[in-house]
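Fold and geometry: a report
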Amino acid sequence: MTRRSPAWHVATVVESRPETTTARRIELEVPTWPGNDAGAHVDVRLTAPDGYQASRSYSLASSGAGTRLVLAVDEVPEGEVSPFLVHDLRAGDQIEVHGPLGAFFIWHPSDDPSPVQLIAGGSGVVPLFAMASAHAASDDPAPFRLLYSVRSPQDVFFADEVSALADDRFRLDTVYTRRIPPAWPEPPGRLTPERLRHAVFSPLERPRIYVCGPTPFVEAVAGWLVDAGHDPVRVRTERFGGA
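Residues numbered from 1 in each chain as written. Predicted model: local features only at pLDDT ≥ 70, side-chain atom pairs only at ≥ 80, totals over all residues. Heavy atoms only, no water.

**Let's talk about the sheet that holds strand β8 (residues 144-150)**
- Ordered by their spatial adjacency, five strands build an open sheet running β9-β8-β7-β10-β11, and the pairing between neighbours is parallel. Either end of the sheet is taken by a strand with one partner, and the two such strands are β9 (170-176) and β11 (235-240). Strand-to-strand, the axes of this sheet are offset by a mean angle of 10°, without reference to chain direction.
- Pairing of β8 with β9 involves seven bridges; the strand directions are parallel. Bridging across to β9, Arg145 finds its partner in Arg171.
- Most of the contacts of helix α5 (residues 215-227) go to strand β10 (residues 208-214), to which it runs at about 150°, and overall it touches β7 (116-121), β8, β10 and β11. (Pairing = 2+ DSSP bridges. Helix = DSSP H or I, 4+ residues; strand = E, 2+ residues; numbered from the N terminus. Axes fitted to C-alpha atoms, helices over the stretch in contact; angles between N-to-C directions. Contact = heavy atoms within 4.5 Å.)

**Details of helix α2 (residues 125-136)**
- An ideal rise of 1.5 Å per residue puts 16 Å on twelve residues; α2 measures up with 16 Å between its terminal C-alpha atoms.
- Judged by how many residues are buried, α2 sits mostly within the fold: ten of twelve residues are covered.
- Val125, Val126, Pro127, Leu128, Phe129, Ala130, Met131, Ala132, Ala134 and His135 are the residues of α2 that are buried. (Expected span 1.5 Å × (residues − 1). Buried < 20%, exposed > 50% of the residue type's maximum accessible area, 1.4 Å probe, protein only.)

If you want it as C-alpha coordinates, here you go:
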(Lines give C-alpha, C1' and ligand atoms only; values in the text may rest on other atoms or scores of the structure.)
Protein backbone atom coordinates (compact mmCIF):
# COMPACT_ATOMS: atom_id res chain seq x y z
CA MET A 1 0.00 0.00 0.00
CA THR A 2 1.31 3.46 -0.88
CA ARG A 3 1.48 5.55 2.25
CA ARG A 4 0.26 9.12 2.20
CA SER A 5 1.11 11.89 4.63
CA PRO A 6 -1.05 11.90 7.78
CA ALA A 7 -3.92 14.37 7.70
CA TRP A 8 -7.09 15.21 9.61
CA HIS A 9 -10.23 13.54 8.29
CA VAL A 10 -13.92 13.74 9.17
CA ALA A 11 -15.23 10.32 10.19
CA THR A 12 -18.87 9.26 10.44
CA VAL A 13 -19.83 6.53 12.89
CA VAL A 14 -21.38 3.60 11.01
CA GLU A 15 -21.74 1.24 13.97
CA SER A 16 -20.92 1.16 17.68
CA ARG A 17 -21.39 -2.00 19.72
CA PRO A 18 -19.95 -3.70 22.81
CA GLU A 19 -16.67 -5.54 22.32
CA THR A 20 -15.95 -6.58 25.93
CA THR A 21 -17.45 -5.69 29.31
CA THR A 22 -15.50 -2.39 29.26
CA ALA A 23 -14.78 -1.75 25.58
CA ARG A 24 -16.66 -0.83 22.45
CA ARG A 25 -16.07 -1.60 18.79
CA ILE A 26 -16.53 1.48 16.62
CA GLU A 27 -16.72 1.35 12.84
CA LEU A 28 -16.10 4.60 10.97
CA GLU A 29 -16.59 5.68 7.37
CA VAL A 30 -13.93 8.16 6.21
CA PRO A 31 -14.37 9.08 2.52
CA THR A 32 -10.89 10.64 2.31
CA TRP A 33 -9.07 7.78 4.06
CA PRO A 34 -6.05 6.37 2.11
CA GLY A 35 -6.30 2.80 3.46
CA ASN A 36 -5.30 0.84 6.55
CA ASP A 37 -1.76 -0.36 7.22
CA ALA A 38 -1.83 -3.30 9.64
CA GLY A 39 -0.57 -2.01 12.98
CA ALA A 40 -1.21 1.70 12.36
CA HIS A 41 -3.00 4.04 14.74
CA VAL A 42 -4.92 7.30 14.59
CA ASP A 43 -5.46 10.31 16.78
CA VAL A 44 -9.14 10.85 17.61
CA ARG A 45 -10.14 14.46 18.34
CA LEU A 46 -13.32 15.52 20.09
CA THR A 47 -14.53 19.13 20.15
CA ALA A 48 -16.93 20.36 22.85
CA PRO A 49 -19.65 22.97 22.12
CA ASP A 50 -17.50 25.61 23.86
CA GLY A 51 -14.57 24.83 21.54
CA TYR A 52 -12.52 22.78 24.01
CA GLN A 53 -10.69 19.94 22.26
CA ALA A 54 -9.24 16.67 23.51
CA SER A 55 -7.45 14.00 21.49
CA ARG A 56 -6.09 10.52 22.16
CA SER A 57 -4.38 7.85 20.07
CA TYR A 58 -6.07 4.53 19.27
CA SER A 59 -4.83 1.58 17.26
CA LEU A 60 -6.70 0.44 14.18
CA ALA A 61 -8.23 -3.02 14.16
CA SER A 62 -8.77 -2.70 10.41
CA SER A 63 -6.33 -3.49 7.63
CA GLY A 64 -6.25 -3.28 3.85
CA ALA A 65 -7.59 -0.85 1.28
CA GLY A 66 -10.83 1.03 1.75
CA THR A 67 -12.39 3.90 3.63
CA ARG A 68 -13.68 2.01 6.67
CA LEU A 69 -11.81 2.18 9.99
CA VAL A 70 -12.41 -0.06 12.98
CA LEU A 71 -11.44 0.98 16.49
CA ALA A 72 -11.82 -1.01 19.70
CA VAL A 73 -11.75 1.42 22.61
CA ASP A 74 -11.34 0.24 26.19
CA GLU A 75 -12.77 2.70 28.71
CA VAL A 76 -10.49 4.51 31.14
CA PRO A 77 -13.14 5.72 33.64
CA GLU A 78 -11.30 8.90 34.61
CA GLY A 79 -10.33 9.72 31.04
CA GLU A 80 -11.49 12.58 28.82
CA VAL A 81 -12.00 10.75 25.52
CA SER A 82 -12.57 7.02 26.03
CA PRO A 83 -15.69 7.35 28.26
CA PHE A 84 -17.39 9.44 25.57
CA LEU A 85 -16.42 6.99 22.81
CA VAL A 86 -17.63 4.00 24.84
CA HIS A 87 -20.87 5.43 26.26
CA ASP A 88 -22.03 8.38 24.17
CA LEU A 89 -20.95 7.92 20.56
CA ARG A 90 -23.80 6.83 18.27
CA ALA A 91 -24.26 5.86 14.62
CA GLY A 92 -24.41 9.01 12.51
CA ASP A 93 -22.16 11.05 14.84
CA GLN A 94 -19.04 12.63 13.38
CA ILE A 95 -15.57 12.85 14.91
CA GLU A 96 -12.15 13.82 13.58
CA VAL A 97 -9.32 11.33 13.03
CA HIS A 98 -5.68 12.08 12.19
CA GLY A 99 -3.58 9.53 10.40
CA PRO A 100 -2.59 6.99 9.39
CA LEU A 101 0.23 7.03 11.96
CA GLY A 102 2.90 4.65 13.20
CA ALA A 103 5.20 3.56 10.37
CA PHE A 104 7.55 1.71 12.76
CA PHE A 105 4.86 -0.64 14.13
CA ILE A 106 3.52 -1.86 10.78
CA TRP A 107 3.38 -5.29 9.19
CA HIS A 108 3.26 -5.71 5.41
CA PRO A 109 3.21 -8.93 3.37
CA SER A 110 6.69 -9.69 2.07
CA ASP A 111 8.93 -12.47 0.79
CA ASP A 112 10.61 -12.78 4.20
CA PRO A 113 9.88 -16.35 5.37
CA SER A 114 11.00 -15.76 8.96
CA PRO A 115 8.15 -16.24 11.47
CA VAL A 116 6.19 -13.43 13.08
CA GLN A 117 5.43 -13.48 16.80
CA LEU A 118 2.68 -11.23 18.14
CA ILE A 119 2.45 -10.67 21.91
CA ALA A 120 -0.48 -8.72 23.37
CA GLY A 121 -1.56 -7.59 26.79
CA GLY A 122 -5.28 -6.76 27.13
CA SER A 123 -6.49 -4.26 24.56
CA GLY A 124 -2.97 -4.24 23.10
CA VAL A 125 -4.25 -7.01 20.86
CA VAL A 126 -6.02 -4.47 18.61
CA PRO A 127 -3.16 -3.66 16.17
CA LEU A 128 -1.93 -7.26 16.35
CA PHE A 129 -5.37 -8.49 15.31
CA ALA A 130 -5.08 -6.18 12.28
CA MET A 131 -1.72 -7.77 11.44
CA ALA A 132 -3.07 -11.32 11.81
CA SER A 133 -6.08 -10.47 9.64
CA ALA A 134 -3.87 -8.91 6.96
CA HIS A 135 -1.64 -11.98 7.03
CA ALA A 136 -4.63 -14.32 6.65
CA ALA A 137 -5.84 -12.34 3.62
CA SER A 138 -2.43 -12.47 1.94
CA ASP A 139 -0.17 -15.09 0.40
CA ASP A 140 2.65 -14.20 2.80
CA PRO A 141 4.47 -17.46 3.64
CA ALA A 142 5.59 -16.55 7.16
CA PRO A 143 4.04 -18.51 10.03
CA PHE A 144 2.29 -16.34 12.63
CA ARG A 145 1.70 -16.81 16.36
CA LEU A 146 -0.24 -14.67 18.79
CA LEU A 147 0.40 -14.88 22.53
CA TYR A 148 -2.49 -13.08 24.23
CA SER A 149 -2.45 -12.25 27.95
CA VAL A 150 -5.91 -11.19 29.13
CA ARG A 151 -7.80 -11.08 32.42
CA SER A 152 -10.78 -13.30 31.61
CA PRO A 153 -12.82 -14.71 28.71
CA GLN A 154 -15.16 -11.70 29.02
CA ASP A 155 -12.20 -9.37 28.35
CA VAL A 156 -11.06 -10.98 25.09
CA PHE A 157 -11.14 -8.69 22.04
CA PHE A 158 -12.19 -10.14 18.67
CA ALA A 159 -12.76 -13.56 20.22
CA ASP A 160 -14.64 -15.09 17.29
CA GLU A 161 -12.51 -13.45 14.61
CA VAL A 162 -9.20 -14.51 16.15
CA SER A 163 -10.41 -18.10 16.63
CA ALA A 164 -11.49 -18.20 12.98
CA LEU A 165 -7.94 -17.30 11.87
CA ALA A 166 -6.43 -20.46 13.35
CA ASP A 167 -4.89 -22.67 10.65
CA ASP A 168 -1.50 -24.09 9.73
CA ARG A 169 -0.12 -20.53 9.34
CA PHE A 170 -1.54 -19.05 12.57
CA ARG A 171 -1.45 -20.25 16.17
CA LEU A 172 -3.14 -18.63 19.15
CA ASP A 173 -1.91 -19.06 22.74
CA THR A 174 -3.97 -17.41 25.48
CA VAL A 175 -2.94 -16.74 29.07
CA TYR A 176 -5.81 -15.83 31.42
CA THR A 177 -4.55 -13.87 34.40
CA ARG A 178 -7.70 -13.82 36.63
CA ARG A 179 -10.47 -16.12 35.41
CA ILE A 180 -10.39 -19.07 33.03
CA PRO A 181 -13.03 -20.64 30.78
CA PRO A 182 -14.60 -23.95 31.85
CA ALA A 183 -12.22 -26.91 31.51
CA TRP A 184 -9.27 -24.66 30.68
CA PRO A 185 -6.08 -26.75 31.14
CA GLU A 186 -4.10 -24.17 33.11
CA PRO A 187 -4.93 -22.17 36.25
CA PRO A 188 -5.17 -18.37 35.95
CA GLY A 189 -1.94 -16.50 36.42
CA ARG A 190 0.22 -13.78 34.99
CA LEU A 191 2.50 -14.30 32.05
CA THR A 192 5.98 -15.32 33.24
CA PRO A 193 9.34 -15.65 31.48
CA GLU A 194 8.93 -19.44 31.48
CA ARG A 195 5.42 -19.35 30.00
CA LEU A 196 6.64 -16.87 27.43
CA ARG A 197 9.52 -19.10 26.33
CA HIS A 198 7.23 -22.07 25.85
CA ALA A 199 4.71 -20.10 23.75
CA VAL A 200 6.87 -18.09 21.33
CA PHE A 201 9.14 -18.98 18.45
CA SER A 202 12.68 -19.95 19.37
CA PRO A 203 15.41 -17.30 19.06
CA LEU A 204 17.09 -19.71 16.61
CA GLU A 205 14.21 -19.08 14.19
CA ARG A 206 14.90 -15.32 14.31
CA PRO A 207 11.25 -14.26 14.46
CA ARG A 208 10.06 -10.74 13.88
CA ILE A 209 8.29 -9.80 17.12
CA TYR A 210 5.59 -7.21 17.81
CA VAL A 211 4.60 -6.49 21.42
CA CYS A 212 1.72 -4.21 22.42
CA GLY A 213 0.00 -3.47 25.72
CA PRO A 214 0.31 -1.42 28.91
CA THR A 215 3.78 0.01 29.49
CA PRO A 216 4.75 -2.32 32.40
CA PHE A 217 3.65 -5.38 30.37
CA VAL A 218 5.55 -4.31 27.26
CA GLU A 219 8.74 -3.48 29.16
CA ALA A 220 8.69 -6.78 31.05
CA VAL A 221 8.03 -8.87 27.93
CA ALA A 222 10.69 -7.08 25.87
CA GLY A 223 13.22 -7.71 28.63
CA TRP A 224 12.29 -11.40 28.89
CA LEU A 225 12.64 -11.82 25.14
CA VAL A 226 16.13 -10.35 25.09
CA ASP A 227 17.11 -12.43 28.14
CA ALA A 228 15.92 -15.53 26.29
CA GLY A 229 18.24 -14.76 23.38
CA HIS A 230 16.04 -12.85 20.93
CA ASP A 231 17.68 -10.11 18.89
CA PRO A 232 16.44 -6.77 20.33
CA VAL A 233 16.58 -5.25 16.84
CA ARG A 234 13.82 -7.66 15.79
CA VAL A 235 11.55 -6.76 18.73
CA ARG A 236 9.16 -3.89 18.02
CA THR A 237 7.06 -2.47 20.82
CA GLU A 238 4.08 -0.19 21.20
CA ARG A 239 2.74 1.03 24.53
CA PHE A 240 -0.65 2.49 25.23
CA GLY A 241 -2.14 4.57 27.98
CA GLY A 242 -4.31 7.20 26.32
CA ALA A 243 -7.61 7.92 28.08
